[in-house]
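Coordinate inspection notes
Each chain, written out:
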Amino acid sequence: MKQFEKSLTEHGVYMDYFQIPLVVLFARLVDVVDKQNDGQVSSDYGRFYDEAAEPFRQMYYPPHFAERTGHFFPEIADRTDAYTHAASNELKEWLLTLRRHGKRVFLLTSSFTDYGQTLLRRVLGADWEKYFDISIFRARKPLFFTDTLQPFTELVGDSAEDKPVEKLEDNGIYLHGNWVLFKSFLQKQTGKDNPKVLYFGDSITSDVLPTKRFSDWQTVAVMEEMQLEKPHADHWDVSDEEQALLSSRQWGSFFADHCPVCTQLTQTYWHRVLSENSALVIPHMNYITELPMNGVYKNCTFYPKFPMKK
């Protein structure tokens, strides 16, 4: 755990699409430094990190959503429909069916409440809370799984109380917390000493790896890149814009490639990471809604089939 936390402070970790422009900027700055050093690798790349990263911190600074300042949050607030898809009726019914069958369904997100609830109202509707037994915002993943001293706080209006919450309640909306305290809540709600948790996440670094390494949860990885792979490509209507974002002409498939030497199919690094740390990998949440509640799935990491380009 200490090694993991140390890596977060000593290395730049780029975990999502928000940070792609930052990756490009840093790569070009590294080229500038290398040119200044006559092509020699430098140990001084970190000197421009803070100055280069600061504009991006300001761009995605969470309070800007309420203030309607900056370029990102006002655009999302004013044109939410343009950047998000509404959940299918099948997915909504699946969530409700889970609750009717006595399963505890929870929301865990690192998003701030105002931004997160705006997206939830678009995706699930104004009554989004009915799909969950409890909702947790500002979870600070992956620290939710490593910082076991962080208490939960309760959402009151648009702010969080300074006083930590001693007890989580059904249908509550909370902030922060950690997985150990949350497990205590699940133990009381389920009456089981070791409740089983199946967690759905779309980030390898924030969802898949920390749940495997630091908790006893199992994770279903939702990897949208699989939508471009055979046999999934014909199942979804993926726009040209989405294809350009999800695919790479230079690197090819995210999951598999053909060895130029032996011409055999080989697994990529990310395929191995997902295989070793996920209970299941799916291209879209709707794939789960097709499965029976009481089904047993063995030796089936990638569902419905192993992803492979034509």
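What you see is a predicted model; the values in this text were computed from it and never measured.

A short note on the sheet that holds strand β6 (residues 198-201)
Taken together, the 3 strands give an open sheet; going across it, the order is β6-β7-β10, and neighbouring strands pair in parallel fashion. Strands at the two margins of the open sheet, each flanked by one partner only, are β6 and β10 (280-282). Between one strand and the next, the sheet's axes are offset by a mean angle of 20 degrees, whatever the strand orientation. This element, helix α10 (residues 204-214), spans β6 and β7 (218-222) of the sheet and lies at about 160 degrees to β7.

What to know about the side chain of Lys141
Along the chain, Lys141 turns up in the loop between β2 (134-137) and β3 (152-156). Classification of Lys141 as buried rests on a relative accessible area of 16%. In this structure the side chain of Lys141 is engaged in a polar contact, spanning 3.0 Å, whose partner is the side chain of Tyr199. Residues within four places of Lys141 in sequence aside, it is in contact with Leu108, Thr109, Ser110, Tyr199, Ser206 and Asp207.

Some remarks on the environment of His64
Assignment of secondary structure puts His64 in helix α4 (residues 64-67). Sequence separation between His64 and Tyr115 is 51 residues; the distance between their C-alpha atoms is 9.8 Å. Other than its neighbours up to four places away in sequence, His64 contacts Gln58, Thr69 and Phe73. Of note is the side chain of His64, whose polar atom sits 3.0 Å from the backbone oxygen of Gln58.

Cut-offs used in this document
Residues numbered from 1 in each chain as written. Predicted model: local features only at pLDDT ≥ 70, side-chain atom pairs only at ≥ 80, totals over all residues. Heavy atoms only, no water. Pairing = 2+ DSSP bridges. Helix = DSSP H or I, 4+ residues; strand = E, 2+ residues; numbered from the N terminus. Axes fitted to C-alpha atoms, helices over the stretch in contact; angles between N-to-C directions. Contact = heavy atoms within 4.5 Å. Buried < 20%, exposed > 50% of the residue type's maximum accessible area, 1.4 Å probe, protein only. Polar contact = N/O pair within 3.5 Å; in protein donor to acceptor, adjacent residues only side chain to side chain.

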